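Here is what each chain is made of, one letter per residue.
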Amino acid sequence: MNTYLIQNIYRYLIYGVALLTALPFHEFAHAWTANKLGDPTARYQGRLTLNPLKHLDPIGSILMIVCGIGWARPVPINPYNFKNPKVGMAISSLAGPVSNLLLAYISMIGYKLSSIASYYAPGIFTSNLMYIFATLISVNIGLAVFNIIPVPPLDGSRILNLVLPERMYFQVMRYERVIMVILMVVVYFGFLNRPLSICRSVAFDLLDFLTGWIDMLWRLIA
């Protein structure tokens, strides 16, 4: 088995592990937030869990591996269980992308700490740690940025309900499946690559800034 093939297998293995972490956490955040806001629908259907088998969507997972962006199986939410349906839907939808940014932030801390460790103990272990954390950062930022796009079936479309008149919102949602197919085509041909790349870069720079305290401590110690 040649080195290139081994490297590819390793790369996809790490990416798969990152995916199996990011997607379940994303959907769990939806379920947990909705449950806290008064809607137990997801909990009753066994979605209040980090078990990836409960959350993975075949198409969304394949797109995530091939294109770097995708989605999981949507968590069922009944907005009429919320005191304020529009606000409840917006908050529970936003919880998914926010949870991925939180994971990316934790991974950024891990990356910087492993980078410092590699300074004192360079080798395969610390370099692999850095690669794992870098992959987790990339996957979680990508998932957060993609899902905030305000088109169905993505999380951003639920947030639209806060600003669009209800009649217009439900007219748009009637074409959810058609819009999803169009979105897949747009993603496949790379039409969103540039704007998504800019958004990912902004998110990365923000997380880098928010973990700047590690850099400051390192400069003081080194």
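Just so you know, these numbers come straight off a predicted model, no measurement behind them. (Residues numbered from 1 in each chain as written. Predicted model: local features only at pLDDT ≥ 70, side-chain atom pairs only at ≥ 80, totals over all residues. Heavy atoms only, no water.)

**Thoughts on the nonpolar core**
Then step 1. Among the nonpolar cores identified, the biggest contains 13 residues, and I141, F146, I149, L154, L183, L196 and L207 are the most heavily contacted of them.
Then step 2. At the level of secondary structure, the elements contributing two or more residues to this core comprise α4 (85-120), α5 (124-147), α8 (176-188) and α9 (193-210).
Then step 3. Here this core gets four residues from one element, more than from any other, and that element is α5.
Then step 4. For L183, the contacting residues outside a window of four places in its chain are F146, V151, L154 and L192.
Then step 5. By size, the runner-up hydrophobic cluster in this structure holds nine residues, among which are Y15, L19, L23 and A72. (Core = buried A, V, L, I, M, F, W, Y, C linked by side-chain atoms within 4.5 Å. Buried < 20%, exposed > 50% of the residue type's maximum accessible area, 1.4 Å probe, protein only. Helix = DSSP H or I, 4+ residues; strand = E, 2+ residues; numbered from the N terminus. Contact = heavy atoms within 4.5 Å.)

**Topic: the environment of N128**
Then step 1. Along the chain, the position of N128 falls in helix α5.
Then step 2. For N128, a relative accessible area of 27% puts it in the partly exposed group.
Then step 3. Distance in space between the C-alpha atoms of N128 and A22 is 19 Å, their sequence separation being 106 residues.

**Considerations on the packing of aromatic side chains**
Then step 1. Going through the model one piece at a time under the given rule, you end up with five aromatic pairs.
Then step 2. With 5.2 Å between their ring centres and 75° between their planes, Y119 and W218 make a pair best called edge-to-face. Of this pair, Y119 sits in helix α4 while W218 sits in helix α10 (residues 212-221), and the two are 99 residues apart along the sequence.
Then step 3. Classification of W218 as partly exposed rests on a relative accessible area of 22%.
Then step 4. By way of ring pairs, the aromatic residues Y119, Y120 and W218 are connected into one cluster.
Then step 5. Above the plane of the ring of Y12 lies R11, whose end atom (NZ or CZ) is 4.7 Å from the centre. (Phe/Tyr/Trp six-rings, centres within 6.5 Å; stacked < 30°, edge-to-face > 60°. Lys NZ or Arg CZ within 6 Å of the ring centre and 35° of its normal.)

**A look at the UniProt feature "transmembrane region" (unreviewed entry) in the protein**
Then step 1. Those places that UniProt annotates as "transmembrane region" (unreviewed entry) correspond, in this numbering, to residues 12-32, 58-75, 87-109, 129-154 and 175-192.
Then step 2. Along residues 12-32 the backbone is 100% helical and 0% strand, and the end-to-end C-alpha distance reaches 30 Å. (UniProt positions renumbered as here; feature names shortened; annotations may be inferred.)

**Considerations on the packing of helix α1 (residues 3-36) against α5**
Then step 1. Relative orientation of the contacting elements α1 and α5 amounts to 45°, with a least axis distance of 9 Å. When the axis of α1 is compared with that of α5, the two are oblique. Every pair of crossing elements has a handedness; the one defined by α1 and α5 is right-handed. In this structure, α1 contributes Y10, R11, I14, Y15, A18, L19, T21, A22, L23 and H26 to the contact, and α5 contributes N128, Y131, I132, T135, L136, V139, N140, L143 and N147. (Axes fitted to C-alpha atoms, helices over the stretch in contact; angles between N-to-C directions. Parallel < 35°, antiparallel > 145°, perpendicular 65-115°, else oblique. Left-handed = near helix turned anticlockwise from the far one by under 90°.)

**Describing α1**
Then step 1. The end-to-end C-alpha distance of α1, which contains 34 residues, comes to 49 Å, matching closely the 50 Å that a straight helix rising 1.5 Å per residue would cover.
Then step 2. Among the residues trailing α1, G38 stands out with phi positive, at a value near 115°. (Expected span 1.5 Å × (residues − 1).)

**A word on the pattern of salt bridges**
Then step 1. What the rule picks out here adds up to two salt bridges.
Then step 2. For K112, the salt bridge goes to D208, with nearest N and O atoms at 2.7 Å. Of this pair, K112 sits in helix α4 while D208 sits in helix α9, and the two are 96 residues apart along the sequence.
Then step 3. Here K112 falls in the buried class, since its relative accessible area comes to 8%.
Then step 4. A single network of salt bridges, built from pairs that share partners, joins K112, D208 and D215. (Salt bridge = Lys/Arg side-chain N within 4 Å of Asp/Glu carboxyl O.)

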